Amino acid sequence: MEQFLYYLKVSVKSIRRAPLPYVLTVLIMALGLGVFFANATFYYRLNADPLPHKSDKLFFPMMLLVPWECNDNTCKPPPVLSYANVQKLSNTDIPTAKAAMYSSDAYLRLDTKQPPLPVSVRITQRDFFRMFDVPVLHGSIWPDDSARNEIILTKALAEKLFGQSDVVGKTLLLDDKPLTVSGVLDNWQMLPRLYDANSGNHVEPVEQIYLPLETGYDMNYMSNSQSSTFDDTDYRQLSSQGRTGALHQLQYWVQLDTPAQQQAYRDFMQNLASTEKAAGRHPSIINNQLTSMRNIVAYFGGESGDIKAFALVTLLFLLVCLLNASHLSLNRYLSNQYEFSLRRALGASRWQLQQQMFADVLLLTLCCLAGALLIGFGGVQLMNYLWPVNRLFSTWDWQLLLGLLLLALSASYLVTLYPSLRASFGALNQQLKE
Amino acid sequence: MIQLNDLSKVFKTELIETHALRQISLTVNEGEFVALTGPSGSGKSTLLNVLGTLEHFDGGDYLLDGQSVKGLSDKSLSALRNEKIGFIFQGFNLIKDYSLFDNIELPLRYRGFNAAERKRRVEHALEQVGLAARRDYHPSQLSGGQQQRVAIARAIAGQPRILLADEPTGNLDSLMARQVMELLEQINQNGCTILMVTHDPEQARRAGRQVQIIDGHLSDASMYDPLAQNSPVAVA
């Protein structure tokens, strides 16, 4: 340890001899690392797996159950299902859990004297909360999927409305229909919100309130993100027309824990498609998709092109910065070659000089890290300003910071390695004579 | 102590080959004070560098304490330089922004001594060269002669068995040169073997014996020096 402190002292002395080239090296590296890190933050967050322990067990089934004929491979199954098709897909015990859902908008207030508050609503079924590991703080989830005048709130909304989180049993007016609070969710933010990836809304925050699917249909809530129909029925009367007609608006998720379950469910979908085809309700070719949550964004092409392009540009920029920093570092080391040679002549081995280099690397890493964090923070703020839609994905966690530390360490090592090797392999006698 | 057998060294460029040392055979016994003399470019500094393992040689063999240094690893050569050999350079080669203490301590740092042992050795070396009161000075605050004494202190702090001095008085006036020579003689009397490159015949005569190098060869003139007190040079 004492020797390492000595190496650090030698590094500091070396910097003080020629501070300007060192400051320039740090600035260039901090700039490259900071810009790269700012973009990497978004890239990492947007591509994060919010449920790594089960994202390969949650599946989004899609079937080409449409009333028109399409017999080539260009016809993709629609990403949302009709109520009737969900019933057919649900008619099996193979999945461990299953939930149909969609999102909508509504107005909420405590009583008719208050101004209505616009809220985002997820209209779904009981298993939604279990499948996506949604934490419950107070109350409970609905015991089944039947219609009920009950509502589940987020903790933040409960506190906003009532000034407290435990509001189970209290009544609210949702579009002036009285509903009882049956549960309050703990702080929860699934990032990205992959259950909504089919409509490209996975970068949005989670909804504020949760309503049973049957109640949502009874209250005539239409999807606010993705819906389509193949007939001229007026689906604004969802409560009377929605369950039997051809309105496609439901996302559907199933949990299939084992490969055997997954294969059984694929077979089930295949049989269902064949049955539908035989019944004349399915004129197109059979095209079933069972996409796992891990692959859902890629399947729907929801990856951010801007972020991807910037990732490449910032990586190239980082490489250019590292090349420039290497050049500066080489000049610094060659101007210090005399001291390297002297130390070698007086008995330092190349390995001991490399230990000196490690101290240089550590010091450079710390300086670059501090600069990169500052520049990275500025970069994140700028990107939040330019792309506010990604604002939720701009936070740093310890894994990201550890990644930056390792990157700064690697970059500092790369920038220092060649110059220090050049300096330590120089001709001893020549340097000492000059 | 030192035995060279047909040692040769060639400097090669794309155009020419320069034979700096040609079949040099030389034996130096423990405790000797040997002056290496010869005209400029004759190869004496190259010989000193080879002896100090600062340069590799191309042919022959070099035995130090009966062990061949040929083929030794960088780690072994570094340890050998650090523990057995002390260097004194014509240009002092002190690090300007280090104190005298730090300069002298530098080779001890790579030897694994603890802080107390390093301090003891540095202070002892400073006392030996008469600069104990100036341990926190920087080289620029000293005269040339004093700087060379610091360099000598650095060389002897590790208590090496061989001291290699490359024109140690080349940059000093006559008074300072005499002081440095007296210091070297004193070190030699304490049992340290010294090989010193010099142009100065007077200083060469003060050494125990002289070895003359001309065009990379040991010259016949080095066979016997009437002023030398010790036995003639052993030339193979």
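Residues numbered from 1 in each chain as written. Chains lettered and ligands numbered in written order. Predicted model: local features only at pLDDT ≥ 70, side-chain atom pairs only at ≥ 80, totals over all residues.

1. Looking at unusual backbone geometry
Cis rather than trans, the peptide bond between Leu-191 of chain A and Pro-192 of chain A has omega equal to -10°. Considering the arrangement of structural elements, one finds Pro-192 of chain A in the loop between strand S8 (177–185) and strand S9 (209–212). Positive phi, normally seen in glycine, also occurs at Asp-6 of chain B, with a value near 50°. By secondary structure assignment, the location of Asp-6 of chain B is in strand S1 (residues 2–12). (Helix = DSSP H or I, 4+ residues; strand = E, 2+ residues; numbered from the N terminus.)

2. Observations regarding the interface of chain A and chain B
With 18 residues of chain A in contact, the opposing surface of chain B contributes 19 residues. Listed by contribution, the elements that provide at least two residues to the side of chain A that touches chain B are helix H1 (2–17), helix H11 (337–345), helix H12 (350–386) and helix H14 (428–433) of chain A. Of the residues contributing to the side of chain A that touches chain B, the split by class is eight nonpolar, four polar and six charged. (Contact = placed C-beta atoms within 7 Å. Nonpolar A, V, L, I, M, F, W, Y, C, P; charged D, E, K, R; others polar.)

3. Things to note about the packing of helix H4 (residues 115–128) of chain B against helix H5 (residues 144–157) of chain B
Axes are the key here: two packed helices are described by the angle between their axes and the distance separating the axes. All names here are of chain B. Orientation of H4 relative to H5, taken along the N-to-C sense of each, is 135°, at an axis distance of 9 Å. Relative to H5, H4 is oriented oblique. Our pair here, H4 against H5, has a crossing hand that is right-handed. Seen from H4, the contacting residues are Arg-121, Val-122, Ala-125, Leu-126 and Gln-128; seen from H5, they are Ala-153, Ile-156 and Ala-157. The residue makeup of the contact of H4 with H5, split by class, is six nonpolar, one polar and one charged. (Axes fitted to C-alpha atoms, helices over the stretch in contact; angles between N-to-C directions. Parallel < 35°, antiparallel > 145°, perpendicular 65-115°, else oblique. Left-handed = near helix turned anticlockwise from the far one by under 90°.)

4. Quick look at the nonpolar core
Met-29, Leu-33 and Cys-368 of chain A together with Leu-36, Ala-153 and Ile-194 of chain B are the most contacted members of the largest nonpolar core, which has 113 residues in total. Here this core takes 14 residues from helix H2 (residues 19–46) of chain A, the largest share from any one element. Leu-81, Leu-194, Leu-213 and Tyr-217 of chain A belong to the second largest nonpolar core, which has 62 residues in total. (Core = buried A, V, L, I, M, F, W, Y, C linked by C-beta atoms within 7 Å. Buried ≥ 20, exposed ≤ 12 C-beta atoms within 10 Å, placed from the backbone.)

5. Remarks on helix H6 (residues 174–189) of chain B
All names here are of chain B. Between the first and last C-alpha of H6 there are 22 Å, a value that for 16 residues agrees with the 22 Å anticipated at 1.5 Å per step. If you check which residues of H6 are buried, you get Ala-177, Val-180, Met-181, Leu-183, Leu-184 and Ile-187. Looking straight down H6, one finds that the buried residues subtend no more than 160° of arc, so they occupy a single side. Summarising the geometry of H6, the exposed residues directed more than 90 degrees from the buried face are Ser-174, Leu-175, Glu-182, Gln-186 and Gln-189. Elements in contact with the buried residues of H6: H5, strand S7 (162–166), strand S8 (193–197) and helix H7 (201–206). Backbone geometry just downstream of H6 places Gly-191 in the positive-phi region, at approximately 110°. (Expected span 1.5 Å × (residues − 1). Arc of directions from axis to C-beta.)

6. A short note on the sheet that holds strand S9 (residues 209–214) of chain B
Residues and elements named next belong to chain B. The strand order across the open sheet formed by six strands is S6-S7-S8-S3-S9-S10, and the pairing between neighbours is mixed. Bordering the open sheet on either side are strand S6 (85–88) and strand S10 (217–218), each of which pairs with just one other strand. Relative to S10, S9 runs antiparallel, the two sharing two bridges. When the bridges of S10 are listed, Ile-214 appears paired with His-217. H5 rests against S6 and S7 of the sheet, and its axis sits at about 170° to S6. (Pairing = 2+ DSSP bridges.)

7. Description of the sheet that holds strand S5 (residues 67–68) of chain B
Residues and elements named next belong to chain B. Strand order in the open sheet made by the four strands is S2-S1-S4-S5, with antiparallel pairing throughout. Of all the strands in the sheet, the pair left with one neighbour each is strand S2 (17–28) and S5. When S1 meets strand S4 (residues 59–64), the two strands line up antiparallel, connected through five bridges. In the strand pairing of S4, Asn-5 is matched with Asp-61. Against the sheet, helix H1 (residues 44–51) touches S1, S2 and S4, its axis set at about 60° to S2.

8. Concerning the packing of H2 of chain A against helix H13 (residues 398–424) of chain A
Residue and element names in this part refer to chain A. It is at 11 Å that the axes of H2 and H13 come closest, and there the two elements cross at 145°. The way H2 lies across H13 gives a crossing that is right-handed. Listed contacts from H13 to Met-29, Leu-33, Phe-37, Thr-41 and Tyr-44 of H2 are Leu-400, Leu-404, Leu-407, Ala-408, Ala-411 and Val-415.

9. Some points on the domain arrangement of chain A
All names here are of chain A. By the assigned domains, chain A splits into domain 1 (2–47 + 304–433) and domain 2 (58–299). Counting residues at the interface gives six residues for domain 1 and four residues for domain 2. Taken together, the residues of the side of domain 1 that touches domain 2 break down into four nonpolar, one polar and one charged. (Domains from an automatic or database assignment.)

10. Re the pairing of S2 of chain B
Residues and elements named next belong to chain B. Two strands pair when backbone bridges link them, and S1 and S2 are joined in this way by eight bridges, in the antiparallel orientation. Note that in S2 the partner of Val-10 across the bridge is His-19. The antiparallel hairpin formed by S1 and S2 contains four residues in its connecting segment.

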